[in-house]
Amino acid sequence: MKLHEFQAKELFAGAGLPVPEGRVADSVQAAVEAAEALGYPAAIKAQVHAGGRGKAGGIRLARDRQEAQAAAEAIIGMTLATAQTAGHGHTVRRVLVEQGQQIRDELYLSILPDRATASMMIIASTEGGMNIEEVAAKSPDKIIRVRVNPLVGLQPFHLRQVAFGLGLQGDQFKTFCGLLQKLYSLVVSRDLLLAEINPLAVTEDDRLVLLDAKVEVDSSALFRHRELAALHDPSEDDPLEAEAKKYHLNYIRLDGNIGTMVNGAGLAMATMDIIKQAGGEPANFLDVGGGANAEMIENGFRILLSDPDVRAILINIFGGILRCDVLATGVVEAATKVALKLPVVVRMEGTNAEEGRRILNDSGLELITADGLQDAAEKIATIARQL
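These figures come from a predicted structure and were not determined experimentally.

S.K.: What is the right way to read the environment of Thr260 from this model?
M.R.: Here Thr260 shows up in strand S14 (residues 258–262). It is 17 Å that separates the C-alpha atoms of Thr260 and Tyr247, two residues lying 13 residues apart in sequence.

Structure (structure tokens):
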């Protein structure tokens, strides 16, 4: 679960981390009043669950009341599309108005689990700011990576390794080590999947200030953190993903044009891989699970059809707990209700596969059967390229 910047900063401030004074506003008037109260210059920042807001015009600096009003009018209500929104814009419903800072340097700092090494990874760089992705791609030597064994915890040598890598000395060195220690404790105690500060500013008077904050909480751990669960903003959820949750379907929207329906997360991942190998682009991850019934299948199929980016659909089912005849019944019911107009390729094996194929064949629907997963992927990729 992602948090807004203002929510993340409230969390950081509660842990004793230095953040600028700021106020949240959901109207132009409230934003201007906040800027007046905080003083100029003031930063006015769109609050959406996406990075890259600055490059997309979602962060503006105001030096007086007139600029604050113009910035608020431009940002509040805009549809903000960034490099991280996969082509889908977010409507800006509120802004964070913060005190401007006199910045000398911008650093980057983040902590996240590294699944490959079963460790906590601290990532830092002297090249903080909007172009950190380019730095990581073109100058990886400027990225500092320090792994922490979660069973041992953060040790003084970890702190020194990061601080020395950033070139910090004297009081800044001590201040940074304390900051990193507090941030690591927060990540572990609150089950965070990501705590990113970009930039971590060094001000003209040698203070360290968290100018931006991106936090993602492990959704599986929210039962331990009711106060964090209450911060969920449903307006930021993808509408199709939110609809899928109602029916206990595992659905993630992607940016391709081939809709997929699969039972089992591993098979769903393999299906997306083989679609890409065949030259296609999956539009979603949809795992209906082993215990799906006809109603769940119908709802899942309806969600696929309601995605305007989906031009063709691949159904890949290996019948086990979810029998093939149950899946076929759900597909037929959904397709009948929505007047199916998209091409659909079906690959079906396992329990009651023959009965499932009979149900599909007798439905009168124009469905394309496949002989194996490779054949299914090649057929759907070819169809999608021709549309």
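S.K.: Before we go on, may I ask you to explain the nonpolar core in this structure?
M.R.: Grouped together as the largest cluster of nonpolar side chains are 42 residues, with contacts concentrated most on Phe12, Leu109, Ile122, Phe176 and Leu200. Ranked by residue count, the leading element in this core is helix H6 (residues 170–189), at 9 residues.

S.K.: Would you explain helix H5 (residues 156–165) in this entry?
M.R.: The periodicity of an α-helix, 3.6 residues per turn, causes residues three or four positions apart to be oriented the same way. Among the residues of H5, His158, Leu159, Val162 and Ala163 are the ones counted as buried. Looking straight down H5, one finds that the buried residues subtend no more than 125° of arc, so they occupy a single side. Along its buried surface, H5 packs onto strand S8 (119–125), strand S9 (143–148) and H6. Within two residues after H5, Gly167 carries a phi angle of roughly 75°, on the positive side.

S.K.: Explain the environment of Glu127 to me, please; I cannot follow it from the model alone.
M.R.: Here Glu127 shows up in the loop between S8 and helix H4 (132–138). Through-space distance from the C-alpha of Glu127 to that of Ala43 is 21 Å; in sequence the pair is 84 residues apart. Look past the residues within four positions of Glu127 in its chain and what remains in contact with it is Glu106, Ile132, Val135 and Lys142. Here Thr126 takes part through its side chain, which lies 3.5 Å from a polar atom of the side chain of Glu127.

S.K.: How should the sheet that holds strand S6 (residues 95–99) be read in this particular structure?
M.R.: Within a beta sheet, neighbouring strands are joined by backbone hydrogen bonds and run either parallel or antiparallel to one another. Pairing is antiparallel in the open sheet, where 4 strands are placed in the order S1-S6-S2-S3. Each edge of the open sheet carries a strand with a single partner, namely strand S1 (22–25) and strand S3 (59–62). The sheet shows a mean angle of 20° between the axes of neighbouring strands, taken without regard to direction. Both S1 and S6 contribute to a ladder of 4 bridges, which runs antiparallel. The residue of S6 that forms the bridge with Gly22 is Glu98.

S.K.: I'm lost on the pattern of salt bridges in this one. Help?
M.R.: When the charged atoms of two side chains with opposite charge come close together, those side chains can pair. Scanning the entire structure with this criterion turns up 28 salt bridges. We note a salt bridge from Asp205 to Arg207, for which the minimum N-O separation is 3.0 Å. Between Asp362 and Arg358 there is a salt bridge, with the nearest N and O atoms lying 2.8 Å from each other. You can see Asp362 and its partner Arg358 sitting in helix H12 (residues 353–362), 4 residues apart, about one turn around the helix. Using a relative accessible area of 54% as the deciding quantity, one classes Asp362 as exposed. Within the structure, one salt-bridge network assembled from shared partners comprises Glu5, Lys9, Lys45, Arg53, Glu98 and Asp212.

Reading the values: rules and limits
Residues numbered from 1 in each chain as written. Predicted model: local features only at pLDDT ≥ 70, side-chain atom pairs only at ≥ 80, totals over all residues. Heavy atoms only, no water. Helix = DSSP H or I, 4+ residues; strand = E, 2+ residues; numbered from the N terminus. Core = buried A, V, L, I, M, F, W, Y, C linked by side-chain atoms within 4.5 Å. Buried < 20%, exposed > 50% of the residue type's maximum accessible area, 1.4 Å probe, protein only. Arc of directions from axis to C-beta. Contact = heavy atoms within 4.5 Å. Polar contact = N/O pair within 3.5 Å; in protein donor to acceptor, adjacent residues only side chain to side chain. Pairing = 2+ DSSP bridges. Axes fitted to C-alpha atoms, helices over the stretch in contact; angles between N-to-C directions. Salt bridge = Lys/Arg side-chain N within 4 Å of Asp/Glu carboxyl O.

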